[in-house]
Amino acid sequence: MSTPDSAPTLNRLIGVLATAGATLGIIAGLVDVAVGPSIRGWVGNKLNTSILGIATIALSTLALAAAIAWQRNGSRVGLRRPGTAVALAVPAILCFTTIGRLWYLPGSILLIAAATILVNSTREDFEGAMNARRWLRGLLVILGGFYVFLGADALGLAGALGIAGGLCIWAVLAHDSALRRASFAVIALCALPFAIATWWSAVTPLIALLMLVLGASAELPGRTNLDGRGLIRHGRRSLTRGP
Amino acid sequence: MSATLSPPPPSVNPQGGLATDRPDEGTSRRAFLGRAGLTAGTALVLGAGGLGYRAYDEGVFQTGQGGAYDAWRDWDKQRGPIALVSAAILAANPHNSQAWAFRVSPDRVDVYADRARHIGAVDPLYREMYVGLGASIENLLLAARANGYDARLSLLPSPGEPVHAARVDLAPGTAHRGSLYEQIPHRHTDRSAFLAQRVPNRVLAEMTALGEDLPDTRLYWFTSRADTQRVGALMIAAAEALTKDREQSVDDNRWFRHDWDAIQSHKDGLTLDSQGLSELTTAIAKLLPATSRTYNDEYWVKRTRDPQTRTAAAYGVIAVPNPADHRQRMVGGRLLERIHLWTAGNGLSLGHMNQITERVDRERQLGLSPVFQTAARQLVPDKGYEQLVAFRIGYPASNDGRRLSPRRTAAAVVA
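All chains use their own residue numbering, which begins from 1 and follows the written sequence. Working convention: letters from A go to chains and numbers from 1 go to ligands, in the order in which they are written. Reporting of local features is limited, given that this is a predicted model, to residues whose pLDDT is at least 70; pairs of side-chain atoms are given and counted only at 80 or more, and all residues count toward the totals for whole chains, interfaces and linings. Hydrogen atoms and water are omitted, and side-chain values are computed over all heavy atoms in the structure.

### Observations regarding the overall build of chain B
Phase 1: Put simply, DSSP marks the helices as runs of H or I at least four residues long and the strands as runs of E at least two long, and each gets a number from the N terminus on. Scanning chain B from N- to C-terminus turns up 16 helices and 8 strands.
Phase 2: When a residue's accessible area, from a 1.4 Å probe over protein chains only, is under 20% of the maximum for its type it is buried; when over 50% it is exposed; and in between it is partly exposed. The buried share of chain B, reckoned over its 415 residues, is 55%.
Phase 3: Summarising the internal contacts of chain B: among those between residues at least 6 apart in sequence, 77% fall at separations of at least 24.
Phase 4: Under the convention used here, a 1.4 Å probe and the Shrake-Rupley method define accessible areas, while residue burial counts only the protein chains that appear. Only carbon and sulfur atoms are counted for the fraction: they give 53% of the accessible area of chain B, which is about 18,200 Å². Contact criterion: two residues are considered in contact whenever any of their non-hydrogen atoms come within 4.5 Å of each other.

### Re the pairing of strand β4 (residues 164-172) of chain B
Residue and element names in this part refer to chain B.
Phase 1: Note on pairing: two strands pair once DSSP finds at least 2 bridges between them. Sheet topology places strand β2 (residues 108-113) next to β4; 5 bridges connect them, and they run antiparallel. Residue pairing for β4: tyrosine 112 is matched across the bridge by histidine 164.
Phase 2: Of the pairings in the sheet, the one linking strand β3 (residues 149-155) to β4 comprises 7 bridges and is antiparallel in character. Within β4, the position partnered with arginine 152 by the bridge is aspartate 169.

### As for helix α4 (residues 81-88) of chain B
All names here are of chain B.
Phase 1: Here α4 lies mainly inside the structure; 7 of its 8 residues are buried.
Phase 2: Among the residues of α4, Pro81, Ala83, Leu84, Val85, Ser86, Ala87 and Ala88 are the ones counted as buried.
Phase 3: Buried-residue contacts for α4 involve β1 (100-105), β2, α5 (127-146), β3, β4 and α16 (410-413).

### Points about the nonpolar core
Soluble globular proteins tend to pack their nonpolar side chains together in the buried interior.
Phase 1: What makes a nonpolar core is a set of buried Ala, Val, Leu, Ile, Met, Phe, Trp, Tyr and Cys residues whose side-chain atoms join them at distances within 4.5 Å. Counting 71 residues, the largest nonpolar core has Phe102 and Met207 of chain B as the members making the most contacts within it.
Phase 2: Apart from the residues within four sequence positions on either side, methionine 207 of chain B is in contact with Leu219, Trp221, Ile339, Trp342, Thr343, Leu348 and Ile393 of chain B.
Phase 3: Listed in part, the 34 residues of the second largest apolar core include Leu139, Leu140 and Val203 of chain A together with Ala48 of chain B.

### Some words on the packing of aromatic side chains
Phase 1: Each Phe, Tyr or Trp ring, with Trp reduced to its six-membered ring, pairs with another whose centre is within 6.5 Å; inter-plane angles below 30 degrees give stacked pairs, above 60 give edge-to-face pairs, and intermediate values give tilted ones. Under the counting rule described, the total for this entry stands at 10 aromatic pairs over all chains.
Phase 2: Measuring from ring centre to ring centre gives 6.3 Å for tyrosine 69 of chain B and tryptophan 260 of chain B, while their planes differ by 20°; the resulting arrangement is stacked. A residue pair is termed long-range when its members are at least 10 positions apart, and tyrosine 69 of chain B in the loop between α2 (25-57) and α3 (70-73) and tryptophan 260 of chain B in helix α10 (residues 260-266) qualify at 191 residues. By the burial criterion, tyrosine 69 of chain B is buried, and tryptophan 260 of chain B matches it.
Phase 3: Measuring from ring centre to ring centre gives 5.6 Å for tryptophan 221 of chain B and phenylalanine 391 of chain B, while their planes differ by 85°; the resulting arrangement is edge-to-face. Placement of tryptophan 221 of chain B in strand β5 (residues 218-222) and of phenylalanine 391 of chain B in strand β8 (residues 386-394) is noted, with a sequence separation of 170 residues between them.
Phase 4: For phenylalanine 391 of chain B, a relative accessible area of 0% gives the class buried.
Phase 5: In this structure an aromatic cluster arises from ring pairing among Tyr147, Phe194 and Trp200 of chain A together with Phe61 of chain B.
Phase 6: Charge-over-ring contacts are defined here by two conditions on Lys NZ or Arg CZ: a distance within 6 Å of the ring centre and an angle within 35 degrees of the ring normal. Here arginine 101 of chain A stacks its cationic end above the ring of tryptophan 42 of chain A, 4.9 Å away from the centre of that ring.
Phase 7: When the ring centre of tyrosine 126 of chain B is taken as origin, the NZ or CZ atom of arginine 115 of chain B, which lies over that ring, is 4.2 Å away.

### Let's talk about the sheet that holds β4 of chain B
Residue and element names in this part refer to chain B.
Phase 1: Here 4 strands make up an open sheet; going across it, the order is β1-β2-β4-β3 and the pairing antiparallel. Strands at the two margins of the open sheet, each flanked by one partner only, are β1 and β3. Each strand of the sheet is rotated relative to its neighbour by a mean of 20°, with strand direction disregarded.
Phase 2: Between the N-to-C directions of two axes lies an angle of 0 to 180 degrees, each axis being a line fitted to C-alpha atoms and, for a helix, fitted only over the stretch in contact. Seen against the sheet, α5 touches β1, β2, β3 and β4 and runs at an angle of roughly 165° to β2.

### Comments concerning the confidence of the model for chain B
Phase 1: Here chain B averages 92 in pLDDT, while 93% of its residues score no lower than 70.
Phase 2: pLDDT expresses, on a scale from 0 to 100, how confident the predictor is about each individual residue. Contacts from residues 1-21 of chain B, a stretch scored under 50 in pLDDT, to residues over four places away or in other chains number 7 contacts.

### Re the sheet that holds strand β7 (residues 349-352) of chain B
Residue and element names in this part refer to chain B.
Phase 1: Across the sheet, which stays open at both edges, the 4 strands sit in the order β5-β6-β8-β7 with antiparallel pairing between neighbours. Looking at which strands have only one partner, the edges of the open sheet turn out to be β5 and β7. Strand-to-strand twist across the sheet, computed as the mean angle between neighbouring axes with direction ignored, equals 30°.

### Concerning the side chain of asparagine 296 of chain B
All names here are of chain B.
Phase 1: For asparagine 296, the location among the structural elements is in helix α12 (residues 293-309).
Phase 2: Side-chain polar atoms of asparagine 296 contact the side chain of threonine 291, separated by 2.5 Å.
Phase 3: Setting aside its immediate chain neighbours within four residues, asparagine 296 contacts Asn253, His258 and Thr291. Definition of a polar contact: a pair of N or O atoms within 3.5 Å, with one able to donate and the other able to accept a hydrogen when the atoms are protein atoms, and with sequence-neighbouring residues admitted only if both atoms are side-chain atoms.

### Focus: the interface of chain A and chain B
Phase 1: Between chain A and chain B, the contact holds 39 residues from the first and 34 residues from the second.
Phase 2: The term buried area refers to how much accessible surface (probe radius 1.4 Å) is lost by two components on association, counted for both of them together. In this assembly, chain A packs against chain B so that about 3,100 Å² is buried in total across both faces, 73% of it on carbon and sulfur atoms.
Phase 3: Each reported salt bridge corresponds to a side-chain nitrogen of Lys or Arg within 4 Å of a carboxyl oxygen of Asp or Glu. Linking chain A to chain B there are 0 salt bridges.
Phase 4: Across the chain A-chain B interface, the total number found is 2 residue pairs in polar contact (both at pLDDT 80 or more).
Phase 5: Looking at the side of chain A that touches chain B, the elements that each hand over two or more residues are α6 (132-153), α9 (203-219) and α10 (231-240) of chain A.
Phase 6: Per-element tally for the side of chain A that touches chain B: the top contributor is α6 of chain A, with 10 residues.
Phase 7: Broken down by class, the residue content of the side of chain A that touches chain B amounts to 26 nonpolar, 9 polar and 4 charged. Classification convention: Asp, Glu, Lys, Arg as charged; Ala, Val, Leu, Ile, Met, Phe, Trp, Tyr, Cys, Pro as nonpolar; all other residues, Gly among them, as polar.

### Topic: the pattern of salt bridges
Residues and elements named next belong to chain B.
Phase 1: Enumeration according to the criterion identifies 31 salt bridges over all chains in this entry.
Phase 2: For arginine 257, the salt bridge goes to aspartate 268, with nearest N and O atoms at 2.8 Å. Of this pair, arginine 257 sits in the loop between α9 (246-254) and α10 while aspartate 268 sits in the loop between α10 and α11 (279-287), placing them 11 residues apart in sequence. Across the pair, exposure class does not vary: arginine 257 and aspartate 268 are buried alike.
Phase 3: The partner of glutamate 386 in a salt bridge is arginine 364, and the shortest N-O contact between them spans 2.9 Å. Of this pair, glutamate 386 sits in strand β8 while arginine 364 sits in helix α14 (residues 355-366), and the two are 22 residues apart along the sequence.
Phase 4: We classify glutamate 386 as partly exposed; its relative accessible area is 25%.
Phase 5: Residue arginine 364 is classed as partly exposed on the basis of its relative accessible area of 34%.
Phase 6: Connected via shared salt-bridge partners are Asp114, Arg117, Arg257 and Asp268.

Quick look at the structure:
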C-alpha cells in the first residue's frame with residue numbers, strides 16, 4: 001500500500017500507464033481493421049478481423065476514458081478506485097481473445113495499471129464500492145457487454161437486436177433512475193428480443209434469463225433489502241455478532 | 001418459588017411475532033443468503049461469459065457464413081470456363097472430401113481425381129470418389145449449357161491415367177439455363193427426418209426418366225413398407241459393421257471438422273451443421289467439447305436407424321454392370337446428381353446412404369466373407385447389374401437438413 005507521500009506519484013504513474021495501454025490498444029485495433037487479414041498469425045487467426053478490430057477499439061476507448069478521468073480528477077478515493085480498476089481490467093482481459101499477439105503489450109500495460117490500483121486501495125475503498133445493488137448492476141453491465149459482443153458476431157436483424165439491447169441496458173444502468181420498476185421493464189424489453197430471435201443458440205436465452213433475475217433483484221423494491229448498505233461491512237457486522 | 005421453576009414467557013416483538021433468543025440471527029441469515037445469492041449470480045454471469053465466448057469461437061451465430069461458404073453464394077458470379085468449375089465444386093461427393101482438381105483453358109476443362117483427398121478405408125476401391133467426380137462433371141455440363149457453351153464430354157481421356165477423369169471440350173453454343181442448373185446452389189444432402197408421406201409413383205417415374213440418355217445405368221426404387229424395412233435394416237447392419245472396423249471408423253472420423261477454425265481453414269469435410277440436427281441441438285453440440293470417435297460412431301449408427309432409415313419414404317439404388325469401372329461410376333454419379341438436383345427443385349429431400357457399398361468394397365479389399373456383397377446383389381433384380389450407390393428420399397419435415405456444407409472455392413481447385 002502506498003504511503004501518503006508516494007500516492008500522488010503512484011497515481012500519476014497509473015494514469016500514464018493506463019493512457020498508454022489504452023492508446024496502444026486503439027492503435028492495435030486499427031491495425032487489425034486495416035490489415036488484419038494479411039497478418040492473421042499476429043491477430044489470432046481470427047475470421048472477422050474487422051468486427052474484432054472494432055470491438056477492440058471500442059473496449060480500448062472505454063479504458064482510455066477511465067484513464068483520462070483518473071488523470072483529470074483529483075479525487076482518487078472510494079468507488080473511483082475499484083471502478084477505474086474494473087474499467088481497465090475488463091477490456092484488458094476481453095481483448096486477449098480478439099486480436100491475438102497485437103494485444104499482448106497494451107493488455108499487459110492495462111493489467112499492470114489495474115493491479116497497481118487494486119494493490120494500493122484500502123479496504124474502505126471497497127467497502128464504499130461494494131453495495132449489493134451496485135454489484136448486481138455491475139453484473140448487468142457485463143451481461144449487456146455479452147449482448148453487444150454476441151450481437152456483433154451474429155448477423156442481420158438478430159445481431160442488431162443484440163447490439164441495441166446491450167447498449168440500451170448500459171444506458172438504463174448509467175442513469176440511476178428513481179423509477180426502478182420502469183428501469184426493470186426497460187431491461188426486460190432490451191433483453192428479450194435478441195434472446196427470442198436467437199433462442200436456438202441456448203446462450204442468449206440464458207443471458208436474458210440472468211438479466212431478468214439480476215435486473216429484478218437490483219431494481220424491484222423489496223427484492224434485495226440491501227440497498228444503500230455496504231455489503232462487506234454489513235456482512236462482516238452480521239457475521240461477527242454472536243449470541 | 002414456583003415461578004422460578006416455570007419457563008419464562010416468550011417475549012413478543014413489536015410486529016406481534018415471537019422474538020428469537022438471538023435477535024441478530026435473522027439479519028445474519030439474510031446477509032448470508034444475500035451474499036450467497038450474489039456469489040451465485042456472479043458465478044452464473046462468468047459461466048454465461050464462458051458460454052458466450054464458446055458460441056463465438058465455434059461460430060454458433062455464423063452458420064453458413066465466412067469464406068468456407070462463399071462458393072455457394074458466388075457460384076454464378078463468374079463468366080467463362082471458370083464459371084463451369086464454380087458449379088462443379090458444389091456437387092455431391094463422399095464425406096465432402098472434394099477430391100477433384102480442374103485445369104481450365106478457353107476451350108476446354110479437364111477434370112482430375114485428387115487422390116490425396118481419398119477418404120481411405122471408407123472407400124477402399126475409390127468407388128465413391130469417382131461417383132463424386134461424375135456428379136461434379138454433371139454440374140459442369142449443366143453450367144456449360146447455361147453459359148452458352150456446346151460441351152463435349154470424354155470420360156477417362158488419357159488411357160492408363162485414371163486420375164485424368166474427364167475432358168470437356170467447349171465450343172460456342174446457345175445458352176440455356178435448365179431447371180436442374182438452377183437447383184445447383186439449393187442441393188444439399190439431407191440427414192434429417194422426413195415426413196411420413198409417400199412419394200407418388202409419377203414422381204419416381206420422372207426421376208427414373210432423368211437417366212434415359214445415360215448408358216448402362218439403371219435405377220431401382222424400394223417403396224413398399226416391407227422393402228424399405230428390409231433395405232433399412234441392411235443399411236443399419238452395414239453401419240454397425242463399419243464402426244466395428246477400426247480402420248474404417250478412424251478414416252470416417254478423420255473427415256469430421258469439429259471446430260469452426262478447422263472448417264474455415266480446410267473448407268471441406270463433414271460438419272455439425274450438415275448433420276440434420278435441430279438448430280438447438282446443433283448449437284448445444286457446438287458449445288460442448290468435441291466428442292470421441294467411439295461416441296461419434298455410436299451416434300452415427302443411432303442416426304442411421306432413426307431418423308434416416310425409419311423416416312425414409314423410399315430408397316433408390318443406382319446400378320451399373322460393373323461398379324469397379326471408373327467410367328461407369330462416373331456415369332452413375334451423373335445420374336445421382338441429376339436426381340439430387342431434381343429433388344431440390346420439387347420439394348423433396350435426398351440423403352446418400354452408402355453404408356452397404358462401403359462394406360461391400362471393404363469385404364472385397366480384405367477378402368472377407370461376402371456378407372454384404374450377397375445382400376447387395378439381392379437388392380438388384382436384373383442379372384448383370386450391381387448396386388453402385390443408394391440413397392433415401394422423402395419430403396423434409398424441417399429445414400434442418402438444408403444447411404450449407406463448407407466448400408473450397410473454384411480458384412482453390414484449379415491447377
